[in-house]
Amino acid sequence: LFRSMGNQPKPGWKILMVVPGLFGFQGVVIAHCLVAALTVVATYFLGRALGMRNSSVAALLLASQPLFLQLAFRSYSEITAGLFAVLMVLFYYRGNFILAALTSSYIFSIRQEFALISIGLGIIFLVKKQWIPCLLLAWTPVVLALIGWAGTGNIMWLLDDMRRIGLNVQVPHKPFWHYFE
């Protein structure tokens, strides 16, 4: 269980891919295609929530973007994080702050860079005096920190892991263009 935690393994994405993974790589690719399709549909509804007259154009532009198409047929976590990001903004604009907070918090388990967005969202919730959504933003980081503490004995494991991956890159990373290979 502990090996699946942290920034590098992206546990939130792996949890979502457990059932598709039972059907092999093809199952994961089909799941990613469904996630990509749901992201396009959610983009349409987000456009409607924002009051765009032609929200279908936004969805069509997303669906036809080359990088989006490339990632939709590959086993990367970015499409899943994108879906949750669109859902988070959609929930926020519909006034469902609790679901926006839960979604934003869950994205942290897929892409920990999203912590910066969650901090900004937390400040917005504090200004709006939305205490429960503000507290719910912490559920995923707290759970990951507790699992990390239980697995290593280091109470600061989550911050250490984020620093290790983000600042002291020990794993060689591929350049941006690898998405197009």
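Refer to the structure above for everything that follows.
Values in this document were obtained by computation on a predicted structure and should not be read as measured data. (Residues numbered from 1 in each chain as written. Predicted model: local features only at pLDDT ≥ 70, side-chain atom pairs only at ≥ 80, totals over all residues. Heavy atoms only, no water.)

A. Spatial organisation of the overall build of the protein chain. Looking only at helices and strands, the protein chain features eleven helices and zero strands. N-terminal to C-terminal, the α/β element order of the protein chain is α-α-α-α-α-α-α-α-α-α-α. In the protein chain, which comprises 181 residues, the proportion classed as buried is 39%. Expressed as a percentage of contacts within the protein chain between residues at least 6 apart in sequence, the contacts between residues at least 24 apart total 67%. Taken as a whole, the protein chain presents about 10,600 Å² of accessible surface, with 71% of it coming from carbon and sulfur. (Helix = DSSP H or I, 4+ residues; strand = E, 2+ residues; numbered from the N terminus. Buried < 20%, exposed > 50% of the residue type's maximum accessible area, 1.4 Å probe, protein only. Contact = heavy atoms within 4.5 Å. Areas by Shrake-Rupley, 256 points an atom, 1.4 Å probe, with all protein chains shown as cover.)

B. Representation of helix 8 (residues 115-127) within the structure. Under the 1.5 Å per step criterion, the end-to-end length of helix 8 is 18 Å for 13 residues, consistent within 8% with the ideal 18 Å. Here helix 8 has its buried residues at Ala115, Ser118, Leu121, Gly122 and Phe125. End-on, the buried residues of helix 8 take up no more than an arc of 115°, which puts them together on one face. Along helix 8, the residues that are exposed and aim more than 90 degrees away from the buried face are Leu116, Ile119 and Val127. Taken from the residues just after helix 8, Lys129 is the one with a positive phi, measuring 60°. (Expected span 1.5 Å × (residues − 1). Arc of directions from axis to C-beta.)

C. Quick peek at the packing of helix 7 (residues 97-110) against helix 10 (residues 139-152). Here helix 7 crosses helix 10 at 35°, and the two axes come no closer than 7 Å. Touching Leu102, Ser105, Tyr106, Phe108 and Ser109 of helix 7 are Trp139, Thr140, Pro141 and Leu144, all from helix 10. Across the contact of helix 7 with helix 10, the residue classes break down as six nonpolar, three polar and no charged. (Axes fitted to C-alpha atoms, helices over the stretch in contact; angles between N-to-C directions. Nonpolar A, V, L, I, M, F, W, Y, C, P; charged D, E, K, R; others polar.)

D. Representation of the pattern of salt bridges within the structure. A full pass over the atoms with the stated rule returns two salt bridges. Of the charged contacts, one joins Glu113 and Arg111 as a salt bridge, the two residues approaching to 3.1 Å between their closest N and O atoms. A network of salt bridges, in which partner residues are shared, links Glu78, Arg111 and Glu113. (Salt bridge = Lys/Arg side-chain N within 4 Å of Asp/Glu carboxyl O.)

E. Region of interest: the nonpolar core. Tyr92, Ile110, Leu121 and Phe125 are the most contacted members of the largest nonpolar core, which has 19 residues in total. Mapped onto this core, the elements with two or more residues apiece are helix 3 (24-49), helix 6 (78-93), helix 7 and helix 8. With six residues, helix 7 is the largest single contributor of residues to this core. Contact partners of Phe125, with chain neighbours within four places excluded, come to Tyr92, Phe97, Ala101, Gln130, Pro133, Cys134 and Leu137. With 14 residues, the next largest nonpolar core counts Val40, Ala59, Leu71 and Leu90 among its residues. (Core = buried A, V, L, I, M, F, W, Y, C linked by side-chain atoms within 4.5 Å.)

F. Broad picture of a nonpolar patch on the surface. On the surface, Val142, Leu146, Trp149, Ile155, Met156 and Leu159 cluster together into a nonpolar patch covering about 570 Å² of accessible area. Here the nonpolar patch gets three residues from one element, more than from any other, and that element is helix 10. Tracing the backbone through its elements, the reader meets Leu146 in helix 10. (Patch = residues over 30% accessible without salt bridge, like charges linked within 9 Å, V, L, I, M, F, W, Y side chains within 5 Å.)

G. Examining the packing of aromatic side chains more closely. All told, the structure shown has six aromatic pairs when counted by the stated rule. Centre to centre, the rings of Tyr92 and Tyr93 are 5.6 Å apart; their planes meet at 90°, and the pair counts as edge-to-face. For Tyr92, a relative accessible area of 17% puts it in the buried group. An aromatic cluster is present here, built from Tyr92, Tyr93, Phe97 and Phe125 joined pairwise through their rings. (Phe/Tyr/Trp six-rings, centres within 6.5 Å; stacked < 30°, edge-to-face > 60°.)

H. Representation of helix 10 within the structure. Taking 1.5 Å of rise per residue, the 14 residues of helix 10 would be expected to cover 20 Å, and the 20 Å separating its terminal C-alpha atoms lies within 8% of that figure. The complete set of buried residues in helix 10 reads Thr140, Leu144 and Gly148. Down the axis of helix 10, the smallest arc covering the buried residues is 65°, so these residues share one side. At the C-terminal side of helix 10, Gly153 shows a positive phi close to 85°.

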